[in-house]
Structures are given as structure tokens and as C-alpha cells.
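Geometric and topological summary
Single-letter residue listing:
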Amino acid sequence: MHTTDVHPKGRRARVLLTSVFGPYAQDDDFGSRSANPMELYHNQVTREQGPYSLRMFHRSWGIIFIQANITAPCTVLDFPAREEFERELSAHRYDIVGISSIMMNVGKVREMCGIIRRLSPQSTIVVGGHVASIPGLKAMVDADYVVAGEGIGWMRRFLGEDPAAPIAHPLLEGGFGRRIMGLRLPDNATAKCATIVPSVGCPMGCNFCTTSAFFGGKGKFHNFLESGEAIYGAMADAERAIGAQSFFIMDENFLLYRRRAMELLECMKAHGKSWDLYVFSSANAVRKYTMDELVELGVSWVWMGLESPRSNYAKLDGADTLELTARLQAHGIRVLGSTIVGLEHHTPENIRQEIEHAVAHATDFHQFMLYTPLPGTPLYEQIKTEGRILDDVELADAHGQWKFNWRHPHISRDESKALLDDAFRRDFERNGPSLYRLCRTTFEGWKRYRSHGEWRVRQRFEREAETLRTYWSALLWAMERHLKPTSAAIAERTSQLRREIRAECGAVSASAFSWLLGPLFLWTTWREQRRLERGVTYEPPTFIERRNWVEA
């Protein structure tokens, strides 16, 4: 779009922002795949853990951000059924319809453009999200505009608003629809979690990273919250709104900016906040901090790349990731490791060893992804130039959790799937359910910091101890009995941890919850296992949210 393009109605235009229609965990003709469900953890992290897989959904944050930062009347339609999308277009007259999608769902974007032309022909169609990285997308879908990169400024310009106006951070609740061992958790089962997005983009610029490429490439990013004080303000707003005590910091390498993080810590200290932070960080950024600093900042979860020790990625420079992972866990910081399967140097002979190296980290959770060249990334351009992109593989099947979409020098397409599945299974067989590992690390942190000199730290770990002696004790009781027939060694580890928690955290409450809730969790675990064997999938509910809305 040219900077002079402004919709004729300007800020009076009615805007509909929507994600693509469901269902999302079933094979269809539009790009959804059962192998690539909407659930982040179940899809990419715990998918081979059967009934122990962590199940939850996350909202479409991009369209919520845009809605919160324009003055035009705007509806967000998140996770609609096709019929709900059609009904919304028929019930209201929209001047602009924006569709956000990942690349794999380009077929749904095409179909939705057709529906808009039929039911709302006056609407200007704008397509954004990662799907906009597909070369020649404008010729594939009947859209008026294709917007790649950050969309708030674009939409403001299109509406005749100030694109440089301050960004208002919307309230973004954390995961919803959570299920653990087959039991749907009520929203108030644990402390509320909110998502905070300080920036988009990544300065590290790994060649396969779609996020880095989408927002401009290596070293390019857009700040929404420039300072630690601004981040603190967004967190405090979420605490007032929903009582949030835990925060998922959606920033590709949050700890890389030490001054910002330490400024946030000073704000938390000044206001007496005992919050939990879940962060993304590279190994070399984590090493910039002492364990005391991380613990006082409230970092309780780190998502960290653990690529091959033979890779050349800067985020691993000088880091002994095995030692670092063990040290973080010893201080109660849960680690989600991320490993790429199928790098150029991998062969059927050496990749098993590298998978074993990844599994040896014994992280609390472990993501495995196929090395996948996707449009817009430097890796895609390299592989395409070399003539190694497989033209007969649909974008719907190029998501990193199925098979290669390119010719690897040593590993076939079918072998790539077998190796990926084996990595997930090996991690589960060797280290046990991630839910058990999470309890183990949480317990280690509580033992170390229950008498810490700063009350904020003690308070945070005491919150976690309360959960350990109640719900988690019951989960471990059920886990032990469910695992015993198939994995006696892991069942024994689970039993040992439960006994230690009972001894340290309070025998009466731990035993009571084990006997009261344990049988329920055991029953729901067996039920979930049978559901999975029948191919049962889960779908998110539809959200309809209106802002600045006045009916005609």
C-alpha cells in the first residue's frame, strides 16, 4: 500500500478482524491438518506424551493488538466456524475485513476472500499475518491489500489515524481451555496468567526463523514497550484487571536486553510484586545474569534453543547448555528446550547421537521441529536457489511437525518424520511426563528458596509449594499408578518425588489431596488415553469482541 492510501470513510470505517475458520485439528481441503493442531504444546512439545500432553489454546494476539490501537468501530472474531464468519458478515455492514493467518492456512484465506466478495462486496479485504510472506500471495487470494510485518501502523494509516501514536497494550489472558491428564481445569484453578508483548521480531535472526524474517530480518524488531517501567505498567494493568500473578513475556529474546530487564526488577521491588515470568531467551543471554537476579526477577520458566552442538547459531556462543539447564532447574527455573531435527550436517548415523544429546538435557519440556525452509526466510531463499524445494509438497504440510518440504542431502522425507517422532518418544521414555518434570523442578526451587532473605521470593515459592502439596500431589499419585504397568522406572521416580513433597511440604494436606483427588485424576487419565486412541481432538471456542461499537 502507498502511504497516501486512506479508506474513504477513514476512522468511521467499520472493521472486522478475524482469524481463519475452523476446525483446526482435522484434515481438510483448506490447510488444516490433524498433525498440526492449534494447541501449541500438544502440537510441538508434548505430542508423544499421550494423556500427559499439556493441552491449551492461545488467542490470536495480533488482531487483538490492532483492535486496541485504532479508534474505528472494530470487531474481533477469533476461531470462528465457517457459519459464524458468514453470519457476522451478513449481520453487520463492514467496510474493511482483515484476515490473519499462518502460511499453512492459505487455502482458508482464499475461501474467506470469496465469501467476503459474495456476502459483503463493499468491504475492502486486507490479509496479514505470516501468510503474507508467501511470494505472489496477491495472485493466489482475492484481497485488496497484503500486509507483511507489523500491522498496527498500517491499519492506522489506512484509517487516517496517526501511525506513530503510542501503542496501548491490550489485556491478553494466557492459555485457555487447559486440560491436564484428561481433566479440564477451571479458569480459577491456578493463578491467572496474562501475556505481555514488549516487542515483535528477533535480533538473532536464525536463518530458519519465520518470526525474524517476517518483521524485517536479523536485527530488526518493533518495540511496543520500550522500557522496563513500561513493561511493569502493562503487567500491573493485567494484575488489576484479572488478578494476574503469572506473565508469559512474548518477546523472542527477552533477557538479551539486560538494562530493560533489570529496570523491570527495580519496579517490581519498589512496588513489592512477587510475580512469575515465563520468558524466551537464548543461552548466551541467560548467562548474562546471576541466578539470584533471575530468581528475584521472578523468572520461573525459560524457553531456550538447544540446537545441535555442531550448529553455528550465535545464540549458543560459549554456552554449555547441559550445565546451564541443570543449574537453572536447581534454582527452580523450568526449562523448555527447543531442538531442530534435520540440519544440513545431520545423517541417519549422527542424528541419533544428537537427539540423545538433546534428551540428555532432561528439560522440563522439549520442543522438536524439523529444519523447514518457509517462504520469506533466508533458509528458503538458499534452498530454493539450490533447486531443493519439493514443489509437490503443499504449504499445508510444511509446518515442521510432519515431513521435510525440501531435499535433504542425507535424510529422506519419510525418514524425517520417523526421526522427529522418535525424538519426542525418546524424550518421554527417558525423562518421563513433562508434568512430573515440572513438579520436580518446582520442588527443587522451593527447597532452595523457602527461607530466602527477600519476602517477595519467599512468597512466590510458597505459592508454588501450596500447589505442590495439593493438586500436584494428587496428579503424581495418579501418574504413578497409571505409569506402573508400562514404565516401572518412571513410576518409581514419580512415587519418590511424591513422598519427598509429602515429607517436606506437609504430610497431612499432601496425603489428603492424593487420596481425595488422586483417584479422579487416575480415572480421567485412563479416559483421556481412550479418547486419544479413538482420535478425539479438541477445538477452541469462538470469541466475538466489539470495541468503539455503536449499532447503526
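Note that the structure is a prediction, hence the values are computed from the model and not measured. Residues take numbers from 1 onward in each chain, read along the sequence in its written order. Given that the model is predicted, a residue must reach a pLDDT of at least 70 before its local features are reported, and side-chain atom pairs must reach 80 or more before they are shown or counted; all residues, however, enter totals for whole chains, interfaces and linings. Note that water and hydrogens are dropped before the side-chain values are worked out from all heavy atoms of the structure.

A few words on the overall build of the chain. Put simply, DSSP marks the helices as runs of H or I at least four residues long and the strands as runs of E at least two long, and each gets a number from the N terminus on. Secondary structure assignment for the chain yields 19 helices and 17 strands. To get the radius of gyration, use the C-alpha atoms; to get the globule rule, take the number of residues to the power 0.38 and multiply by 2.2 Å. The C-alpha radius of gyration computed for the chain amounts to 24 Å, which stays within 12% of the reference 24 Å derived for 552 residues, consistent with globular compactness. Along the first, second and third principal axes, the C-alpha atoms of the chain reach 70 × 55 × 45 Å. Taking all 552 residues of the chain together, the buried fraction comes to 59%. Using a 1.4 Å probe on the protein chains alone, a residue whose accessible area is under 20% of its type maximum counts as buried, one over 50% counts as exposed, and one in between counts as partly exposed.

The next subject is helix 9 (residues 258–270). By definition here, a helix of n residues has an expected span of 1.5 Å times n minus one. Across its 13 residues, helix 9 extends 18 Å between first and last C-alpha, which sits within 8% of the 18 Å expected from 1.5 Å per residue. Restricting attention to buried positions, one finds in helix 9 the residues Arg 260, Ala 261, Met 262, Leu 264, Leu 265, Cys 267 and Met 268. In this fold, the buried residues of helix 9 make contact with strand 11 (221–223), helix 8 (228–242), strand 13 (276–280), helix 11 (291–297) and helix 17 (455–483). Once helix 9 finishes, Gly 272 follows within two positions and takes phi at roughly 65°, a positive value. In this analysis, two residues are considered to be in contact whenever any of their non-hydrogen atoms come within 4.5 Å of each other.

On to the sheet that holds strand 7 (residues 176–180). Where strands meet in a sheet, backbone hydrogen bonds hold them as pairs that are either parallel or antiparallel. Think of it this way: DSSP has to see at least two bridges between two strands before they count as a pair. If you walk across this open sheet you meet the 3 strands as 2-7-8, and the pairing is antiparallel. Each end of this open sheet is capped by a strand with a single partner; those strands are strand 2 (55–57) and strand 8 (183–184). Bridge analysis of strand 2 against strand 7 gives 2 bridges, and the strand direction is antiparallel. Looking across to strand 7, one finds that Phe 57 is bridged to Phe 176.

With that settled, the discussion passes to the pattern of salt bridges. A side chain of one charge can pair with a side chain of the opposite charge if their charged atoms are brought near each other. Definition used for salt bridges: Asp or Glu carboxyl oxygen within 4 Å of a side-chain nitrogen of Lys or Arg. According to the stated counting rule, one finds 43 salt bridges in the structure shown. With a closest N to O distance of 2.9 Å, Asp 422 and Arg 352 form a salt bridge. Separated by 70 residues along the polypeptide, Asp 422 in helix 15 (residues 413–431) and Arg 352 in helix 13 (residues 351–359) bring together distant segments of the chain. Assessed through its relative accessible area of 41%, Arg 352 is described here as partly exposed. Sharing partners across several salt bridges, the network here consists of Glu 39, Arg 55, Glu 528 and Arg 531.

This next bit is on the environment of Phe 176. As for its position among the elements, Phe 176 is in strand 7. Separated by 41 residues in the primary sequence, Phe 176 and Gly 217 have C-alpha atoms spaced 31 Å apart. Residues within four places of Phe 176 in sequence aside, it is in contact with Met 56, Phe 57, His 58, Arg 59, Phe 79, Pro 540, Pro 541 and Phe 543.

Residue Pro 23 is reached from Gly 22 by a cis peptide bond, and omega for that bond is 0°. Mapped onto the fold, Pro 23 is located in the loop between strand 1 (15–19) and helix 1 (40–44). Of note, Phe 79 is a non-glycine position whose phi angle comes to about 60°, a positive value. Inspection of the secondary structure puts Phe 79 in the loop between strand 3 (74–78) and helix 3 (82–91).

Turning our eyes to something else, we now look at the side chain of Ser 300. Summarising the element assignment, Ser 300 is placed in strand 14 (residues 299–305). In this structure, Ser 300 is in contact with Asp 276, Leu 277, Tyr 278, Gly 332, Ile 333, Arg 334, Arg 460 and Glu 464, ignoring residues within four places of it in sequence.

This next bit is on helix 12 (residues 321–330). Within helix 12 the residues assigned to the buried category are Thr 321, Leu 324, Thr 325, Leu 328 and Gln 329. Axial view of helix 12: buried residues confined to an arc of 130°, hence all on one face. Positive phi appears at Gly 332, one or two residues downstream of helix 12, with a value of about 80°. By arc we mean the arc of the directions from the helix axis to the C-beta atoms, nothing more.

What follows deals with the sheet that holds strand 1. Pairing is mixed across the open sheet formed by 6 strands, whose spatial order is 6-5-4-1-3-17. The open sheet has two edge strands with one neighbour each: strand 6 (145–146) and strand 17 (543–547). With 5 bridges joining them, strand 3 and strand 17 adopt antiparallel strand pairing. When the bridges of strand 17 are listed, Cys 74 appears paired with Arg 547.

A separate point is the environment of Phe 404. Tracing the backbone through its elements, the reader meets Phe 404 in the loop between helix 14 (378–385) and helix 15. Looking at Phe 404, the relative accessible area reads 1%, which means it is buried. When the C-alpha positions of Phe 404 and Thr 372 are compared, they lie 6.6 Å apart, and in sequence the two are 32 residues distant. Other than its neighbours up to four places away in sequence, Phe 404 contacts Val 341, Gly 342, Leu 370, Tyr 371, Leu 390, Val 393, Ile 411, Ser 412, Arg 413 and Ser 416.

Our focus in this paragraph is the packing of helix 8 against helix 9. To obtain each axis, a line is fitted to C-alpha atoms, and for helices this fit is confined to the stretch in contact; angles are then taken between N-to-C directions over 0 to 180 degrees. Close contact between helix 8 and helix 9 brings their axes to 7 Å; oriented N to C, the two are set at 50°. Here helix 9 runs oblique to helix 8, going by the angle between their axes. Relative to helix 9, the crossing made by helix 8 is right-handed. Contact residues: Gly 228, Glu 229, Ile 231, Tyr 232 and Met 235 in helix 8; Arg 260, Glu 263, Leu 264, Cys 267 and Met 268 in helix 9. Each residue is assigned to one class: nonpolar for Ala, Val, Leu, Ile, Met, Phe, Trp, Tyr, Cys and Pro, charged for Asp, Glu, Lys and Arg, and polar for all the others, Gly among them. Residues belonging to the contact of helix 8 with helix 9 are distributed by class as follows: 6 nonpolar, 1 polar and 3 charged. Should an angle fall under 35 degrees it is called roughly parallel, over 145 degrees roughly antiparallel, and 65 to 115 degrees roughly perpendicular, with every other angle called oblique. Each crossing gets its handedness from the near helix: less than a right angle anticlockwise from the far helix is left-handed, clockwise is right-handed.

Turning to the pairing of strand 16 (residues 365–370), a few remarks are in order. The element strand 16 is extensively covered by neighbouring structure, given that 6 of its 6 residues are classed as buried. Where burial is concerned, the two faces of strand 16 agree: the one with Phe 365, Gln 367 and Met 369 and the one with His 366, Phe 368 and Leu 370 are both buried. Where strand 15 (residues 334–341) meets strand 16, 6 bridges bridge the pair, whose relative direction is parallel. For Gly 337, the partnering residue across the bridge sits in strand 16 and is His 366. One crossover worth recording links strand 15 to the parallel strand 16 by way of helix 13, and it is right-handed. Orient the strands so they point away from the viewer; a crossover is then right-handed if the path from the first strand over the helix to the second runs clockwise.

For this text, the term disulfide refers to a pair of cysteine sulfurs within 2.5 Å. Under the defined criterion, the tally for this structure stands at 0 disulfides. Summary of cysteine pairing: Cys 505 is not part of a disulfide, and the nearest cysteine sulfur, belonging to Cys 439, is at 10 Å. Overall, the relative accessible area of 6% leaves Cys 505 in the buried class.

Only rings of Phe, Tyr and Trp enter the pairing, Trp through its six-membered ring, and a pair is recorded when the two centres are within 6.5 Å. The plane angle decides the type: under 30 degrees is stacked, over 60 is edge-to-face, the rest tilted. Counting across every chain of the model gives 29 aromatic pairs. Judged by centre distance (6.2 Å) and plane angle (70°), the ring pair of Phe 208 and Tyr 371 falls under edge-to-face. Highlighted residues: Phe 208 in the loop between strand 10 (199–201) and helix 7 (210–214) and Tyr 371 in the loop between strand 16 and helix 14, separated in sequence by 163 residues. Comparing Phe 208 with Tyr 371, the two get one shared label, buried. A ring pair is formed by Tyr 371 and Trp 406, whose centres lie 5.9 Å apart and whose planes are at 70°; its orientation type is edge-to-face.

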